[in-house]
Amino acid sequence: MPATVAGRNSRLAPGHRVIRRIDRWAVVRIGIVAGIAVLAVQAVRAFGRPYDFFDMRIYHGAMVWWAGGGELYEYVAPGITLGFTYPPFSALVMLPMIKFSAEMAGWVNLIASLAALAAVLVALLVPIADRHGWPRWFVVALAVPLAGAIEPSRETLGYGQVNLLLFALIIADLVALRWQGRRSTRTAGRGRVATHPPAASGALRRFWRSGAWAGAGIGLASAVKVTPALFIVYLMVTRQWRAAMTALGTAAGVTAFTFVVAGRESATYFTSVLWQTDRVGTADATPNQSLAGVLARMYDSADAPTLLWLTFSLVVAVVGLSRAASAHAEGDELAAFTLVGLTANVVSPISWSHHLVFVIPAIIVLADLALRRRRASRGLAARGAGASVAAAQGLALGLRTPIWFPALTGLRHALVATALYLLFLISPIWYYEHQLPATSHYAHGLWGVLMENVFALTLIVLVVLLPWRPGAEPAFYPEPGLRAAAHRAVRRR
């Protein structure tokens, strides 16, 4: 009997060593996440601005004013000239904040926005983590503080803005479209109607997992802010009619409901307030990183030349939507959504720096493309019969870097992703902030003009040059047969 017990212990010993090794790696990963979080906080303190929920205080004051019988769009925050500028549906959503102080409302919004950012990163990064065999929790836990430290996120959190919440609504539709595509892929692959989950899961669960609600998030976001409505145009351009009609119906439905509940405010907004872009500030203000802001600062004027702005905005919109449609056709819906979001920032009359949240998926697309190209080059190098054959195969895939140096393949995409992240982390626009008429936008010469407009110029470059990953999401192949074949190939790998 003792020998038998000793034998069992000897057999269990390797397992205990594995568990100890796993525990040690978990501790190391937790330490890395904690270190990155501390660095992110320090970066916000070093490169951010003083945050006191400035915008949330305006929203809170407007809600208290409105609940007390005042006219919503006549509210002006004490000591400044700013008031409420969102559509009336957003006012209905914000109205419950009158039960809290402005400070408490800011903290509630901060926690909700961080949760929304984490949800977005789960949706975008889990497929990448699974493909590389990385721990999901570790990848997401690293990404949350990194993404939260850059300009759009920290400004949204610090000022009490809603951009991350709207971002999550839009990405939720991307997830729903993925589920729809996978369902149609399974149907095409089986050659029959896809089976439904067990009845015990309930009709609501089946409806949720089917993705049939795709478009509702975009519709809600468009009712809160007008800019996300460009995603509805994109859905129409790519003939995703069901999602487009759902988005239109959702936006129209909640807007009609708002007319019933707050008819006077709705009429005021759509007939007057919507067209008064100067209510939120002058176009040349440094944080306005849209095309209109660039033109206003180039002309050293408070306003952009209207005809010139409309012309260039139309060109950018056409380029952005056409490239988004191409990305969708080649199976990369994330890149397509990113291009639409960036295009909306460029063509909007006012795009404050906290609006530019779609640089986050742009960084992810570039980083993932670098990883994909590196993995592809290593696979070709390993399978190639000779250097010349492998090089020819690499060129056929567009891998210009010689694959006998696989570590260099994808390097330029990795460098661009890193540079893009550092740009929005350091945020050089504030070092060259100018305010007319006291200071000209040319006070620091051409370099100062470049730095003051660097975010907007970067967005324009991304709209024109952001690459996509062909076949990255097989669910979005345009033909069911191709989707099914891609799905089977992925399962085999």
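Residues numbered from 1 in each chain as written. Predicted model: local features only at pLDDT ≥ 70, side-chain atom pairs only at ≥ 80, totals over all residues. Heavy atoms only, no water.

Inspection of the secondary structure puts S153 in helix α6 (residues 151–159). Apart from residues no more than four positions distant in its own chain, S153 is found in contact with L117, A147, G148, L164 and I360. (Helix = DSSP H or I, 4+ residues; strand = E, 2+ residues; numbered from the N terminus. Contact = heavy atoms within 4.5 Å.)

The first and last C-alpha atoms of helix α2 (residues 54–67) sit 20 Å apart over 14 residues, in line with the 20 Å expected at 1.5 Å per residue. For α2, the full list of buried residues reads D55, M56, I58, Y59, H60, G61, A62, M63 and W66. Packed against the buried residues of α2 are α3 (88–94), α4 (102–132), α6 and α12 (263–271). Positioned one or two residues after α2, G69 has a phi angle of 105°, which is positive. (Expected span 1.5 Å × (residues − 1). Buried < 20%, exposed > 50% of the residue type's maximum accessible area, 1.4 Å probe, protein only.)

Attention shifts here to the environment of A243. Within the element layout of this structure, A243 appears in helix α11 (residues 241–261). Here A243 falls in the buried class, since its relative accessible area comes to 3%. Measuring from C-alpha to C-alpha, the distance between A243 and A214 comes to 5.2 Å, with 29 residues separating the pair along the chain.

The subject of this paragraph is the packing of helix α10 (residues 230–237) against helix α14 (residues 306–329). Close contact between α10 and α14 brings their axes to 10 Å; oriented N to C, the two are set at 55°. When the axis of α10 is compared with that of α14, the two are oblique. The handedness of the crossing between α10 and α14 is right-handed. Together, L230, V233, Y234 and V237 of α10 and L321, A324, A325 and H328 of α14 make up the contact between the two elements. (Axes fitted to C-alpha atoms, helices over the stretch in contact; angles between N-to-C directions. Parallel < 35°, antiparallel > 145°, perpendicular 65-115°, else oblique. Left-handed = near helix turned anticlockwise from the far one by under 90°.)

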